[in-house]
Amino acid sequence: DRSSSSAATAIPDGAPYSYDVPEGFTTIPSGDATASVGSATDKSTIALDDVNLIQVSVFELQTEVTEANLTDARKELDAAVAAAAKQAGITTVPTSTAVSVAGAPAFMYRIEGVPTPSGKRATNISYAVLKGFNQIQVLCQYTPNKQAELKRGCDTVLASLTLT
């Protein structure tokens, strides 16, 4: 039995991940999320409101990611993120920073001025976590007035993310 002070754990059906839901965040039905993630096979979204949210998605890869091909995977991700940013009207091409999430190699991208369906501009910090044939994307999207709260939530999701 969970105590009332512990966070709920999000374990989407069939998804190769789970994470703790930060306090103050609400689970959003997958069809209602405002952030676009392309052709994800599994997706879960938690949010503070209709723009400030964290979305975890899975993209199946054609090739298993290993240490030997990690540089090539990074180049492909960089190109895909740059193309998506350009399509969204972002003129500054985001660059990746190598990080580790849940013990797996990952690349972090920061994109400023992302348009949202509500007309607000947001900042997206996206983590592409690579494990086997999966790319698990953790997208943290926020407006300036919710930056601190969203970053705390994103830190909770990243620290608790478990890959299966």
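For the structure, check the block above.
In this text the structure is predicted, and so the values were computed from the model without any measurement.

How each quantity is defined
- Residues numbered from 1 in each chain as written.
- Predicted model: local features only at pLDDT ≥ 70, side-chain atom pairs only at ≥ 80, totals over all residues.
- Heavy atoms only, no water.
- Helix = DSSP H or I, 4+ residues; strand = E, 2+ residues; numbered from the N terminus.
- Buried < 20%, exposed > 50% of the residue type's maximum accessible area, 1.4 Å probe, protein only.
- Core = buried A, V, L, I, M, F, W, Y, C linked by side-chain atoms within 4.5 Å.
- Contact = heavy atoms within 4.5 Å.
- Pairing = 2+ DSSP bridges.
- Disulfide = S-S within 2.5 Å.
- Salt bridge = Lys/Arg side-chain N within 4 Å of Asp/Glu carboxyl O.

Participant: Got a sec to walk through unusual backbone geometry? Specific residues and values, please.
Facilitator: A positive phi angle, close to 55°, is found at Ala102, a residue other than glycine. On the secondary structure map, Ala102 appears in the loop between β6 (97-101) and β7 (104-115). The partly exposed category is assigned to Ala102, whose relative accessible area is 39%.

Participant: How would you explain the nonpolar core if you had to name every residue and give the values?
Facilitator: By size, the foremost hydrophobic cluster in this structure holds 26 residues, and its most contacted members are Tyr17, Tyr19, Ile54, Tyr127, Val129 and Val138. Examining the composition of this core, we find that seven residues originate from one element, strand β8 (residues 121-142), more than from any other. When neighbours within four sequence positions are excluded, Tyr19 is seen to be in contact with Ala8, Thr9, Ala10, Ser44, Ile46, Val56, Val157, Ser160 and Leu161.

Participant: Tell me what's going on with the pairing of strand β4 (residues 42-47), and back it up with residues and numbers.
Facilitator: Within a regular strand, the side chains alternate between the two sheet faces. Extensive coverage of β4 is indicated by the burial of five of its six residues. Pairing between strand β3 (residues 26-28) and β4: three bridges, direction antiparallel. Bridging from a neighbouring strand, Ile28 pairs with Thr45 of β4. Pairing of β4 with strand β5 (residues 53-65), which is carried by six bridges, proceeds in the antiparallel orientation. Each bridged residue has a counterpart across the sheet, and for Ser44 the counterpart in β5 is Val56. What sits between the antiparallel neighbours β4 and β5 is a turn of five residues.

Participant: I'd like to hear about the state of the cysteines, residue by residue, with values.
Facilitator: Following the criterion strictly, the structure yields one disulfide and no others. The disulfide partner of Cys140 is Cys154, and the gap between their sulfur atoms is 1.8 Å. Because the torsion about its S-S bond is 65°, the bridge between Cys140 and Cys154 counts as right-handed. Of this pair, Cys140 sits in strand β8 while Cys154 sits in helix α2 (residues 147-160), and the two are 14 residues apart along the sequence. For Cys140, a relative accessible area of 2% corresponds to the buried category. Among the residues examined, Cys154 registers a relative accessible area of 5% and is labelled buried.

Participant: Give me the pattern of salt bridges: which residues, what numbers.
Facilitator: Opposite charge on two side chains permits them to pair, given that their charged atoms come into close proximity. For the structure shown, the criterion picks out one salt bridge. A salt bridge links Arg110 to Glu112, with the nearest nitrogen and oxygen atoms 2.6 Å apart.

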